[in-house]
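As a plain string of letters, each chain reads:
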Number of protein chains: 2
Amino acid sequence: MSDPQQATKITLDESEIPRRWYNILADLPSPPPPVLHPGTLQPVGPDDLAPLFPMALILQEVSGERYVDIPEEVLDVYRLWRPSPLYRAHRLEKALGTPAKIFYKYEGVSPAGSHKPNTAVAQAFYNAQAGIRRLTTETGAGQWGTALAFACAQFGLDCEIWMVRASYDQKPYRKIMMETFGGVVHPSPSDLTVAGRAILAEHPDSTGSLGIAISEAVEVAAQDPQTNYALGSVLNHVLLHQTVIGQEAVAQFAQIGITPDLIVGCTGGGSNFAGLMFPFLRDKLAGRINPTIRAVEPASCPSLTRGVYAYDFGDTAGMTPLMKMHTLGHEFIPDPIHAGGLRYHGMSPLISHIYELGLMEAVSKTQRECFEAGVQFARTEGIVPAPEPTHALAACIEEALRCKESGESKVILTALCGHGHLDLAAYGAYLAGTLTDHELSTEEIQEYVSSLPNVPAPA
Amino acid sequence: MSDPQQATKITLDESEIPRRWYNILADLPSPPPPVLHPGTLQPVGPDDLAPLFPMALILQEVSGERYVDIPEEVLDVYRLWRPSPLYRAHRLEKALGTPAKIFYKYEGVSPAGSHKPNTAVAQAFYNAQAGIRRLTTETGAGQWGTALAFACAQFGLDCEIWMVRASYDQKPYRKIMMETFGGVVHPSPSDLTVAGRAILAEHPDSTGSLGIAISEAVEVAAQDPQTNYALGSVLNHVLLHQTVIGQEAVAQFAQIGITPDLIVGCTGGGSNFAGLMFPFLRDKLAGRINPTIRAVEPASCPSLTRGVYAYDFGDTAGMTPLMKMHTLGHEFIPDPIHAGGLRYHGMSPLISHIYELGLMEAVSKTQRECFEAGVQFARTEGIVPAPEPTHALAACIEEALRCKESGESKVILTALCGHGHLDLAAYGAYLAGTLTDHELSTEEIQEYVSSLPNVPAPA
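Here the structure is a predicted model, which means the values were calculated and not measured. (Residues numbered from 1 in each chain as written. Chains lettered and ligands numbered in written order. Predicted model: local features only at pLDDT ≥ 70, side-chain atom pairs only at ≥ 80, totals over all residues. Heavy atoms only, no water.)

A.B. asks: Which parts of the structure should I look at to understand the sheet that holds strand 1 (residues 9–10) of chain A?
C.D. replies: Each strand in a sheet pairs with its neighbour through backbone hydrogen bonds, running either in the same direction (parallel) or in the opposite one (antiparallel). Residues and elements named next belong to chain A. Spatially, 7 strands are ordered 1-4-5-15-10-11-14 in an open sheet, and the strand pairing comes out mixed. Each end of this open sheet is capped by a strand with a single partner; those strands are strand 1 and strand 14 (361–365). By the bridge criterion, 2 bridges tie strand 1 to strand 4 (residues 86–88) in an arrangement that is antiparallel. Residue pairing for strand 4: Ile-10 is matched across the bridge by Leu-86. In this fold helix 12 (residues 271–285) packs onto strand 5 (101–106), strand 10 (262–266), strand 11 (292–298) and strand 15 (411–416), with an angle of close to 155 degrees to the strand it touches most, strand 10. (Pairing = 2+ DSSP bridges. Helix = DSSP H or I, 4+ residues; strand = E, 2+ residues; numbered from the N terminus. Contact = heavy atoms within 4.5 Å. Axes fitted to C-alpha atoms, helices over the stretch in contact; angles between N-to-C directions.)

As structure tokens, then:
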């Protein structure tokens, strides 16, 4: 075991937790298009966002500084699980018979079991610092709500979560985990908000959607000066906070003296993928390395590979600012696939911009292929992955098998953004053979994107 | 953070995984009483155990050697999660306002989410090496079945698990996790065995018991020369394998230059507690340190604190050899508390012997007190503990609050033997206020222990 590349776990000392977040905006050849006010169609300013977010986060959202210092109070919470381990997947490689070297950066060691606390802790801190007493948010699969409930417990904030009714009923363990951390969980639509009551009046049996839950959480936050709203992906400041993942991975690869040839991650809103790959993209833009960077999305929610690049709303009801992004249209209703974290109509504007710049590529995978990869991974590496990162694993295995054909010993890095302990029902369905896959037709996509708002090209 | 005692995580390098298991038998002032054949009442020999266990494990069961080398193939699997982290519970200490220094050794990082794979991997390896094709076992809460299914996947063995029917119905996620690792899970009683059919004939709606499930697994293993049986606690070789935990903890404390004043762990069969404390007891017996060693058991299943020290069967049906241990009687029916891993009528003979020698103490805790500690721990430290280690945490918090009164800055080490991701229903019940506690009456215990077999004192 004297060859460091042969180690199973590449770990860092607690003192090596990154002390700054990395802001990719500073290094891109051009900035992404501005976010627009839905009424005026003019770029939004800090004041437009102030009813929902503390100024520290608003400034991070628009910052052009290359690095942002991580507050000591946030670092202190990060120490509960960071640095996260980088694993060499020796046993998976052996099972595949591939000469490829497969590495995975594992974020499932966090309190919520995914990468989400990296930003939840930062957001809770800045809100507490600004004198806010309560945060509201929505949650679909439940990962984000869990992370925010945990983060709020660290800084003495109340946390109120609107959970999509379908998930609320199907995933009781997720709800209990949020409550164990002290969160208050409402099924959405709820009768606690105007938005929720309006939906219930029309559809008393509504099973909800992420869009409705966002509307409810935003409505409650906007009404109370001591309450703010928090979002778990998509926005620049969220992606910024996630760069602790990639900065650690860069240091871990430096430790073993190699660099990845391929970086592959799953994308829903894009924060986990961005967090891993931005620091590598920094080094690629600087000409130091030249990895292929590949996003993997569900075939049933293919915003990057089959959506359009256009201004669209972040929520179904059309209450948020307009963001230019790869989107299937804000009225798109994704299939009820088990990777709930990937069921979002749009892609982070920043990731969308980077994709348009040709700095990364994207592929899609069907649900069945993903769970097949997840089970193979569990049986070889011992970790049952969340349904979301099985998308990255499926693409990773595909590449490793290509290497087996070609004889290449590529270095593949994948983002294992969470464990699947609370998603085992999905594995149960896969093992029972009851999973279904729905390939979207071109007509379906065309109909959804026809709902896009009409935004004139800038002067 | 230059003071190493102030670190949140005390980690070891992969190269520091212990390469030998530690056998406490070599250092005890006297050996434990022999295990007896239930028919002849004579000490059992290796041949008596050969139909169920491979000879390598039988020899470990009776070995007097101080150290046993860990095979390279077992170490290689250990590397997936070992060394496990030792945490300093800064945030819990702060919440309690105690001058005590609280450390916890966390085994939830393993594939099964508990300490169980430490022995499951070893047992699967030795069985595979002996040419065995299939292992059978029982599981109650599901931790052990999960660990063995994972371990069998590593060495190409089939794994068949009889899961107590009540758990099988109530914990579908546990069953799916075993299946994800490739295990085959049967509800017990099943119609696959003579023992199961006999129970079902009399009680068609039986919800099963660990005793019945053991009978089924043993019956199947005994009939097929290529099938063996595996046990997850109680026996000497199981406790031996778990000593990787304590050896790592000794090294981790050496790294920060202090030693524990109190070591506290939960006990069901005793393997997790033994694994942590045996290496410290070795150093205590050698006069190098002098910690208090404290076992914590459920008030509703108090084998150490309220049972008798006598020869008894390991299973309800009375098919196993007779072991001298602290027991509530093999006909004892424990309360359906959520800490399923602690619901066993007897205590490991080795732990029982050490208790009799006065080398450790024991206390009991009610279920509600334990979950209260578990929730406080989750909200401060970010890990939702399994119901079993909440017993240790309750005792740990009790001691830390005593230190707050006295002003002592005791160093407390506790065994956090697993996470509670698959036990969240129990937290749901606690948070909903529906947990109940049943204090056993002296009359109840007297009736149970009256079923003990009559074993004459040795000549």
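A.B. asks: It is not clear to me how the interface of chain B and chain A should be interpreted in this structure. Could you clarify?
C.D. replies: By a frequent convention, interface size equals the accessible area lost on bringing the separate parts together. At the junction of the two partners, chain B supplies 42 residues and chain A supplies 42 residues. Taking both sides of the interface into account, the surface hidden between chain B and chain A amounts to around 3,800 Å²; carbon and sulfur atoms contribute 56%. Looking only at chain B, the three residues that lose the most surface to chain A are B:Arg91, B:Tyr173 and B:Thr180, adding up to 18% of its buried area. The tally of links between chain B and chain A comes to 3 salt bridges. Counting residues per element, the ones that place at least two in the side of chain B that touches chain A are helix 3 (72–78), helix 6 (143–155), helix 8 (172–180), helix 15 (367–381) and helix 17 (424–431) of chain B. Its residues assigned to classes, the side of chain B that touches chain A comprises 22 nonpolar, 10 polar and 10 charged. (Buried area = accessible area lost by both parts, 1.4 Å probe. Salt bridge = Lys/Arg side-chain N within 4 Å of Asp/Glu carboxyl O. Nonpolar A, V, L, I, M, F, W, Y, C, P; charged D, E, K, R; others polar.)

A.B. asks: Can you help me understand the pattern of salt bridges in this one?
C.D. replies: It is possible for side chains of opposite charge to pair when their charged atoms get near one another. Applying the stated criterion across every chain, the model contains 49 salt bridges over all chains. Where salt bridges share partners, they join A:Arg294, A:Glu361, A:Lys365, A:Glu369, A:Glu398, A:Glu399, A:Arg402 and A:Lys410 into one cluster.

A.B. asks: Where do I start with empty space enclosed by the protein in this structure?
C.D. replies: The probe, sized like a water molecule, is rolled over the atoms to show the empty space still left. By the definition in use, this model includes 3 cavities of 30 Å³ or more. Here the largest cavity is characterised by a volume of approximately 60 Å³. With 4 residues, the single largest contributor to the lining of the largest cavity is helix 11 (residues 236–256) of chain A. Of the residues assigned to the lining of the largest cavity, the class counts are 7 nonpolar, 5 polar and no charged. Here the lining of the largest cavity spans two domains, since at least three of its residues come from each of domain 1 (7–18 + 70–113 + 238–449) and domain 2 (27–67 + 116–236) of chain A. Computed from the structure, the second largest cavity encloses a volume of approximately 50 Å³. Lining the second largest cavity are B:Tyr22, B:Asn23, B:Ile24, B:Leu25, B:Gln60, B:Asn236, B:His237, B:Leu240, B:Phe278 and B:Leu350. Of the residues forming the lining of the second largest cavity, the biggest block, 3 residues, is contributed by helix 11 (residues 236–256) of chain B. (1 Å grid on protein atoms, 1.4 Å probe; cavity = no way out; pocket = protein on both sides within 12 Å on 5 of 7 lines; lining within 4 Å. Points joined across faces, edges and corners; volume = space filled by probe spheres on them. Domains from an automatic or database assignment.)

A.B. asks: Looking at this model, I keep getting lost on helix 14 (residues 349–356) of chain B. Mind explaining?
C.D. replies: Residues separated by three or four positions in an α-helix point in the same direction, a consequence of the helix having 3.6 residues per turn. Residue and element names in this part refer to chain B. With respect to burial, helix 14 is a largely interior element, 6 of its 8 residues being buried. What helix 14 keeps buried is the set Pro-349, Leu-350, Ile-351, Ser-352, His-353 and Ile-354. Taken together, the buried residues of helix 14 touch helix 11, helix 12 (271–285), strand 12 (308–313) and strand 13 (322–327). Gly-358 sits one or two positions beyond helix 14 and adopts a positive phi of about 80 degrees. (Buried < 20%, exposed > 50% of the residue type's maximum accessible area, 1.4 Å probe, protein only.)

A.B. asks: Just to check I follow, could you spell out the side chain of B:Gln252 for this structure?
C.D. replies: Its place among the elements puts B:Gln252 in helix 11. Of note is the side chain of B:Gln252, whose polar atom sits 3.0 Å from the backbone oxygen of B:Ser84. (Polar contact = N/O pair within 3.5 Å; in protein donor to acceptor, adjacent residues only side chain to side chain.)

A.B. asks: For this particular structure, what's the right way to read the state of the cysteines?
C.D. replies: Simply put, the disulfide is a covalent bond whose two ends are the sulfur atoms of two cysteines. Taken as a whole, this structure holds 0 disulfides over all chains when the rule is applied. Of all cysteine sulfurs in the structure, the one in A:Cys417 sits closest to A:Cys266, which takes part in no disulfide; the separation is 4.0 Å. You can call A:Cys266 buried: its relative accessible area is 4%. B:Cys159 takes part in no disulfide bond, and the closest cysteine sulfur to it belongs to B:Cys152, at a distance of 4.0 Å. For B:Cys159, a relative accessible area of 4% puts it in the buried group. (Disulfide = S-S within 2.5 Å.)

A.B. asks: Whenever I open this one, the sheet that holds strand 5 (residues 101–106) of chain B confuses me. Can you help?
C.D. replies: Residue and element names in this part refer to chain B. The mixed open sheet is built from 7 strands, whose spatial order is 1-4-5-15-10-11-14. In the strand order of this sheet, the two ends are held by strand 1 (9–10) and strand 14 (361–365), each with one partner. Contacting strand 4 (86–88), strand 5, strand 14 and strand 15 (411–416), helix 15 crosses the sheet at an angle of about 90 degrees to strand 14.

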